[in-house]
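Listed here are the chains, written in short residue letters.
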Amino acid sequence: MNDRSLRKKDKILRRYEYKEIYSKGKKISVEGLFIVYIFKRDNGPPRMGITVTKKIGGAVVRNRIKRIFREVFRLNKGSIIEGIDIVIIARKGLEKVGYMAIEESFLKALEKERLC
RNA sequence: GGAGUAGAUUAGGUAAUCGCUCCUUGAUAAGAUCGAGGGGAGGAAAGUCCGGACUCCACAGAGCAGGGUGCUCCGUAACACGGAGUGUUCCGGCCUGACUAUGGUACGGAAUAAGGAAAGUGCCACAGAAAAUACACAGUCCUGACUUUUACUAAGUCGGGAUAACGGUGAAAAGGCGAGGUAAGAGCUCACCAGUCCUGCUGGUGACAGCAGGAGCUAGGUAAACCCCACCCGGAGCAAGACCAAAUAGGAAGGCGUUUGAGGGCUGCUCGUCCGAUGCCUUCGGGUUAGGUCGCUUGAUCCUGAUAGCAAUAUCAGGACCAGAUGAAUGACUACCAUUCUAUCGGGCGUGAGCCCUUUAGAAGACAGAAUCCGGCUUAUUAUCUGUUCCGGUG
RNA sequence: GUCCCCAUCGUCUAGCCUGGUCCAGGACACUGCCCUUUCACGGCGGCAGCGGGGGUUCGAAUCCCCCUGGGGACG
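The structure displayed is predicted, hence computed values, not measured ones.

**Student:** For the protein's contact with RNA strand B, give the residues involved together with the corresponding values.
**Tutor:** Lining the immediate environment of RNA strand B, one finds 22 residues, of which K8, I12, T51, R64 and R74 sit closest. Each atom of RNA strand B within 4 Å of the protein was assigned to sugar, phosphate or base; sugar and phosphate come to 64%. Here a sugar or linking oxygen of RNA strand B sits 2.6 Å away from a polar atom, N or O, in the main chain of I12. The contact in question runs from a sugar or linking oxygen of RNA strand B to an N or O atom on the side chain of R74, over 2.7 Å.

Dropping the structure here:
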């Protein structure tokens, strides 16, 4: 329960995995800031992937968004139920929002879906 | 104090908690986890504008086409880059001059894609008589015929001839000024000045500069228009390329060919050369469109010192090892300190604009993220310092 | 990451190569008037643009350079 690491097995790495989640997962829009895809696998730990396109900003902005989401997922993944894949797609305007606001929105969305 | 310009340095630090990636090493149930130690973004990593290294195509060849560069010398692996100079243009200062203008300048600064326009072709709108063979027109001058007045002469009309001083428009008008000369004029001739070309001498490696003599009297601009000249360039790019594993298919039709040569060698064409045989090409159908390892970081590398050189840079000596990720790591948060700015309490210095120390509060901390690696250029951007030019203030 | 291409009224485009006659032409859209009982169609008119900066040139939408913003290809 104290596991707060974030390794490769906790991340979605392959393009075909992303494609599967896009086509079969549930799509939720969160406050106009980002989109969450949720897909129930059979077993295993919860995993996450993040997509930030070049339309959002430069490499610095995109790296910062991905780091914030990784941090949020890392600190909260102990309370998320098993076998869940989450993919987040950032939308324009997210680069202006801070860490606290993103964490709050993310947890609210998960609670609404009763995933934690 | 402000603005411009040139250059140098810098790109906040420390600690605590949680976390990521790579390397070394230890343990175990041996490629998975845990422990220990160490490394982990930039001056532009960016734009991808040039130049290389490296890899493959053939051992990288020739010609044409195409592309690029364009003052000189040096530097360099190379460059369109850098350094030192030359010329031209502009600005300022100074001199000439009655201010302006003009001209000069051994001074200071800035810009400079700066070969050729007396090889050729094209273009030069509008305006203007004319935009490049000064053809024509207007004007001026000489002259023939006719008309009017008629003593000469003057005026007008129609012709012939001469001319480029005169036409004030334009971005640009065919050397300038004076004298002679002439019917009127003209570099037609002459003196001076400016400019062009040729020859010689001197200085310099050279661009070029200076001096002397001569020629012709004059040559518009545009080559970031075509072009000519000189020099350079083979093509693709680490998604290059090599290996491993897995999966599917070993299909049908047509064509060409086996030493007399199909086809291929990754921008075009030709030549030459090489490879080349149940092989190659085209179409249709089917399958894969999920990988892994190497390349992958020790290099035109960085730091210090010496020597050569005005400098860019080079050589030598000693030392150092400094990211290798791949849905892509170097982060999150807290505290303190330091920096800058604004306001403010108090004190000191100075004639003064102001400066220095200090208390408290608030704000700011930019541009931006390696993806094969280097050398440049360009663009974005924080803070400080120094040199220099101009403007302003105080004394 | 590497290599390419494009940018003109609100939209689609012509002009660019070969600079001037272009204060940039056309179509659709918008808008005013006429026509019609009214709408549509038609006729006449109006509005509105060379992505930004610098250079070459007497003169730049056009030629050259640098930025900005879009788009594409490659295992």
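**Student:** Residues and numbers for the packing of aromatic side chains, please.
**Tutor:** Summed over all chains, the structure comprises four aromatic pairs. Look at Y18 and Y22: their rings are 6.3 Å apart centre to centre, the planes differ by 55 degrees, and that puts the pair in the tilted class. On the criterion of helical spacing, the pair formed by Y18 and Y22 is a turn pair, its members being four residues apart in helix α1 (residues 15–24). Given the relative accessible area of 14%, Y18 is considered buried.

**Student:** For the packing of helix α2 (residues 59–76) against helix α3 (residues 99–112), give the residues involved together with the corresponding values.
**Tutor:** One way to put it is that α2 packs onto α3 with a least axis distance of 10 Å and a crossing angle of 55 degrees. As far as their axial angle goes, α3 and α2 are oblique. In this structure, the crossing between α2 and α3 has a hand that is right-handed. Facing α2, whose interface residues are I68, F69, E71, V72, L75 and N76, α3 presents Y99, I102, E103, F106 and L107. A breakdown of the residues in the contact of α2 with α3 according to their chemical character gives eight nonpolar, one polar and two charged.

The rules behind these values
Residues numbered from 1 in each chain as written. Chains lettered and ligands numbered in written order. Predicted model: local features only at pLDDT ≥ 70, side-chain atom pairs only at ≥ 80, totals over all residues. Heavy atoms only, no water. Near = heavy atom within 4 Å. Polar contact = N/O pair within 3.5 Å; in protein donor to acceptor, adjacent residues only side chain to side chain. Phe/Tyr/Trp six-rings, centres within 6.5 Å; stacked < 30°, edge-to-face > 60°. Helix = DSSP H or I, 4+ residues; strand = E, 2+ residues; numbered from the N terminus. Buried < 20%, exposed > 50% of the residue type's maximum accessible area, 1.4 Å probe, protein only. Axes fitted to C-alpha atoms, helices over the stretch in contact; angles between N-to-C directions. Parallel < 35°, antiparallel > 145°, perpendicular 65-115°, else oblique. Left-handed = near helix turned anticlockwise from the far one by under 90°. Contact = heavy atoms within 4.5 Å. Nonpolar A, V, L, I, M, F, W, Y, C, P; charged D, E, K, R; others polar.

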